[in-house]
Amino acid sequence: MKTEDHATLSEKFNRDEARVDWHDKTLWFIREKRDKAAWQTPDWEQLRDEASQIKNNVLGNLHAYLLLFEKNAQQNGITVHWASTAEEHNRIVHSIIQKHGSKKVVKSKSMLTEECHLNEYLAKQGIDVIDTDLGERIVQLADEPPSHIVLPCIHWKKEEIGELFHQHLGTPKGNADPQFLTAAAREHLREKFMTGRVAITGVNFAVAETGEIVVCTNEGNADLGVQLADVHIACMGIEKIIPQRKHLGIFLRLLTRSATGQPITTYSSHFRSPRPGQSMHIVLVDNGRSERLKSDDFRNALKCIRCGACMNTCPVYRRSGGHSYHYAIAGPIGSILAPGLDMKKHADLPFASTLCGSCSNVCPVKIDIHDQLYKWRQVIVQKGYVKKTKGIGVKAMADILSNSFFYRTAGSVTRWILKYIPGLINNSFNPWYKQREMPRVPERSFKEWYHHRKKNG
Ligand code: SF4
């Protein structure tokens, strides 16, 4: 159920100006680290091209690659399940947990399970789910969803985390030392790992030719969870397939450099078969992806490897925060994925962009993100899912901008109003004014100034 739109939620985030500035700067710092890592990789653009082509091939032959992956995974002793919807995915995961009589699950980071709202579903069935990625555990303790796909608690300050740990883990009040807090989280999670009989992980890449999956983490939490559990459940969207193991060399080089500027994730773990005595399940989830595949305009979004680079660079995301997108995946990529699932509910998201194209420029698999945002706007307007006032405003603006007389007149009238009765425009009813200092109005238009200069030398 939708509550508030992006503009309203952004406005709430913007009430804490210091947080907005710090959020903006932190993400830009990560964007700069990404740039340095890319510049230090001489074949960077070639890698992007190759990754994009491989994903094109995958999307064109997805059916065949999925069946090959299933066959090879089954031969490796893995049980493969298919889920057409989020609900079916949740039911399958629950049935596996139930079959093994467990009431506690340790889970490493998986945006798919966020998309499917697995934690909430399992909690209703009486299953205790412990997120073991540090950032995810922080937002879980705070009863919030992640605000970023790679940095789930990027909107939290260390002092706030210190207070949260004091309340939930009993750390000394006022201690916000990151090393101390990390050690406290490690101790807290260690007990969960030791007693969790079922481990859930996401999947970064699924290799069709070998039937193996690759999970990338910086904390090793996926490995620890899986190695200590009797049951491993890996949940993946069907687009995570890559054809051959050799292709990992391309994607692993791109993924972390794009995400955080690191050369590679600390742990890139391959899971090919269950260890003796363990059972391993892979749940392949569609949840709207097949529909997206049918659309020439929007299918490229399925190339996404969830690096988060488009969020770090996006001026709107950096200053509006991940929760303002009211969808599991925030930022530019979330804004083109979400309307495919529920256009009416997420009709505002493609408009939460300046269309500057920075997202497309950094995307390691060359998704045409800003073009898709623009196309979604057209589809959404045609379907009638925008506010009537927005439609009227855009039509009026188009009429003014396409007629030189209207354009000149509107310019003179607006300059006059801003000079003599600015309150008519600069007031709290004008959303543009709320967060901005308006510029000083020029005495005349550029055209008038130009003619004046020409005449007077
Ligand atoms: S759309 Fe591209 S940049 Fe954004 S998360 Fe996906 S792969 Fe990364």
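Look a little higher up for the structure.
Residues numbered from 1 in each chain as written. Predicted model: local features only at pLDDT ≥ 70, side-chain atom pairs only at ≥ 80, totals over all residues. Heavy atoms only, no water.

A description of the site of the ligand should follow, citing residues and the corresponding values.
Taken together, the neighbourhood of the ligand is formed by 13 residues, with C304, C307, G308, C310 and C363 sitting nearest. Among the residues forming the shell around the ligand, the class breakdown is 11 nonpolar, one polar and one charged. (Near = heavy atom within 4 Å. Nonpolar A, V, L, I, M, F, W, Y, C, P; charged D, E, K, R; others polar.)

Describe the sheet that holds strand β5 (residues 205-207), listing the residues and the values that go with them.
Within a sheet, neighbouring strands are paired by backbone hydrogen bonds and run either parallel or antiparallel to one another. If you trace the four strands from one edge of the open sheet to the other, you get β8-β5-β6-β9, paired in mixed fashion. Single-partner strands in this sheet number two, and they are β8 (241-242) and β9 (267-271). As judged from the five bridges shared by strand β6 (residues 212-217) and β9, these two strands associate in the antiparallel manner. Across the sheet, I213 pairs through a bridge with F271, a residue of β9. (Pairing = 2+ DSSP bridges. Helix = DSSP H or I, 4+ residues; strand = E, 2+ residues; numbered from the N terminus.)

Got a sec to walk through unusual backbone geometry? Specific residues and values, please.
Even without glycine at this site, N287 takes up a positive phi of about 45°. Note on N287: relative accessible area 13%, which makes it buried. For R306, which is not glycine, the phi dihedral falls at a positive 55°. Within the secondary structure, R306 sits in the loop between α13 (289-293) and α14 (309-313). (Buried < 20%, exposed > 50% of the residue type's maximum accessible area, 1.4 Å probe, protein only.)

Mind laying out the packing of helix α3 (residues 44-60) against helix α12 (residues 248-259), listing which residues take part and the relevant values?
Contact pair α3 / α12: the axes reach a minimum separation of 10 Å and the direction vectors enclose 115°. The two elements α3 and α12 meet at a crossing, and its hand is left-handed. Here α3 contributes W44, L47, R48, E50, A51, I54 and K55 to the contact with α12, which in turn contributes I250, F251, R253, L254, R257 and S258. When its residues are assigned to classes, the contact of α3 with α12 shows seven nonpolar, one polar and five charged. (Axes fitted to C-alpha atoms, helices over the stretch in contact; angles between N-to-C directions. Left-handed = near helix turned anticlockwise from the far one by under 90°. Contact = heavy atoms within 4.5 Å.)

Give a description of the nonpolar core that names residues and reports values.
Core analysis: the biggest nonpolar cluster contains 85 residues, and F69, F205, I213, I241, I282 and I333 have the highest contact counts within it. Per element, the largest residue contribution to this core is seven residues, and it comes from α12. With near-sequence residues (within four places) excluded, F69 lies in contact with A206, V207, A208, G211, E212, I213, M236, I241, I282 and L284. V93, L112, V198 and I200 belong to the second largest nonpolar core, which has 20 residues in total. (Core = buried A, V, L, I, M, F, W, Y, C linked by side-chain atoms within 4.5 Å.)

I'd like a rundown of the packing of aromatic side chains, residues and numbers included.
Taken as a whole and judged by the stated rule, the model has seven aromatic pairs. Each ring, one from F205 and one from F251, has its centre 5.6 Å from the other, and the planes form 40°; the classification is tilted. In this pair, F205 is assigned in strand β5 and F251 in helix α12, connecting sequence segments 46 residues apart. Its relative accessible area of 1% is what places F205 among the buried residues. A relative accessible area of 0% means that F251 is categorised as buried. (Phe/Tyr/Trp six-rings, centres within 6.5 Å; stacked < 30°, edge-to-face > 60°.)

Explain the environment of M438 to me, using residue names and the numbers behind them.
Within the element layout of this structure, M438 appears in the loop between α21 (431-434) and α22 (446-456). Other than its neighbours up to four places away in sequence, M438 contacts N426, W432 and Y433.

So what about the pattern of salt bridges? Which residues, and what values?
Taken as a whole and assessed by the stated rule, the structure comprises 26 salt bridges. With its nearest N and O atoms 3.0 Å apart, the salt bridge here joins D35 to R31. Of this pair, D35 and R31 both sit in helix α2 (residues 17-39), four residues apart, which is roughly one turn of the helix. When salt bridges that share partners are traced, they join D21, D24, R318 and R319 into one network. (Salt bridge = Lys/Arg side-chain N within 4 Å of Asp/Glu carboxyl O.)

I'd love a proper account of the pairing of strand β4 (residues 198-201), names of residues and values included.
Because side chains alternate across β4, one face comprises the buried residues V198 and I200, and the other comprises A199 and T201, equally buried. As defined by bridge partners, strand β2 (residues 104-107) adjoins β4 across three bridges and the pair is classed as parallel. Bridging across to β4, V106 finds its partner in A199.

Mind laying out a nonpolar patch on the surface, listing which residues take part and the relevant values?
On the surface, a nonpolar cluster with roughly 470 Å² of combined accessible area is contributed by W416, Y420, I421 and L424. The residue I421 is located in the loop between α20 (404-420) and α21 in this model. I421 gets classed as partly exposed once you look at its relative accessible area, which sits at 41%. (Patch = residues over 30% accessible without salt bridge, like charges linked within 9 Å, V, L, I, M, F, W, Y side chains within 5 Å. Areas by Shrake-Rupley, 256 points an atom, 1.4 Å probe, with all protein chains shown as cover.)

Can you explain the pairing of β6? Please cite residues and give values.
Among the six residues in β6, six count as buried, and that is most of the element. Burial of the side chains of β6 extends over both faces: E212, V214 and C216 are buried on one face and I213, V215 and T217 on the other. Judged from the three bridges that link them, β5 and β6 form a sheet pairing that is antiparallel. From the neighbouring strand, F205 faces β6, where its bridge partner is V214. The hairpin formed by β5 and β6 contains four residues between the paired strands, and G211 there has a positive phi angle of roughly 75°.

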